[in-house]
Amino acid sequence: MDRDFYLSSLDDVKVKQEYDFSYSGISGYAEVIGCKIVFFRKSKTDLLEALSFDEISPNEFDFCNYILEKIGFPLRFGDGLGKIRESFGVESSVDTFFENFDRYNYFVGKQLFMSFCVGNGMINGLEIIFSPEIIAEISDFR
């Protein structure tokens, strides 16, 4: 997966750059599209520390899948739980946070955390964290 990808490299996309952004209590730099897509780094020139796609609706799948393709991620919004498990195995835990929405969490050592929000049988949210510092911060809550 390409951790050196910048959302601002996409043509015709309005990206807000925030230099004093906090991701799970860790300060840094973020590229934000609306309130749904965040790419977080500790500084603008660092590798990607975390990314988040939140509450993606079916009419936004094509755009978000384009980003996932650009970073080399193997799954797409709209894929089902079977495809997640085929790619990453059995999840570490499952959280139910809204009716008909579950988060399937994957902890891969202390170097990688992935969480897939699945609603109506398909992925509609995604969080990937590469930073051991951020993973340690969220571990108490997952």
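Everything here concerns the structure above.
So, here's what we can say about the structure. (Residues numbered from 1 in each chain as written. Predicted model: local features only at pLDDT ≥ 70, side-chain atom pairs only at ≥ 80, totals over all residues. Heavy atoms only, no water.)

**A word on the overall build of the chain**
Each helix and strand in the chain was counted, giving three helices and eight strands. In the chain, the succession of helices and strands from N to C terminus is β-β-β-β-α-α-β-β-β-β-α. Its C-alpha atoms give the chain a radius of gyration of 14 Å, within 12% of the compact-globule value 14 Å for 142 residues. The dimensions of the chain, computed from C-alpha atoms along their principal axes, are 35 × 35 × 25 Å. (Helix = DSSP H or I, 4+ residues; strand = E, 2+ residues; numbered from the N terminus. Rg over C-alpha atoms; globule rule 2.2 N^0.38 Å.)

**Some points on the packing of aromatic side chains**
Across all of its chains, the model carries 13 aromatic pairs by this definition. Through successive ring pairs, a cluster of aromatic residues spans Phe5, Phe39, Phe53, Phe61 and Phe77. Just above the ring of Tyr6 sits the side chain of Arg41; from NZ or CZ to the centre is 3.7 Å. (Phe/Tyr/Trp six-rings, centres within 6.5 Å; stacked < 30°, edge-to-face > 60°. Lys NZ or Arg CZ within 6 Å of the ring centre and 35° of its normal.)

**Notes on unusual backbone geometry**
Even without being glycine, Asp12 reaches a positive phi, approximately 60°. Examined against the element boundaries, Asp12 turns out to sit in the segment before β1 (16-23). Phi angles above zero are rare outside glycine, and Glu55 is one such case at about 50°.

**Considering the pairing of strand β5 (residues 93-98)**
As judged from the five bridges shared by β5 and strand β6 (residues 101-108), these two strands associate in the antiparallel manner. Among the inter-strand pairings, Asp95 is bridged to a residue of β6, identified as Arg103. Hairpin connection of β5 to β6: two residues between the antiparallel strands, including Asn100 at a positive phi of 75°. (Pairing = 2+ DSSP bridges.)

**Some points on the pattern of salt bridges**
Applying the stated rule across the entire model yields six salt bridges. With a shortest N-O distance of 2.9 Å, Lys36 and Glu60 are connected by a salt bridge. Of this pair, Lys36 sits in the loop between β2 (26-33) and β3 (37-41) while Glu60 sits in the loop between β4 (50-53) and α1 (61-71), and the two are 24 residues apart along the sequence. (Salt bridge = Lys/Arg side-chain N within 4 Å of Asp/Glu carboxyl O.)

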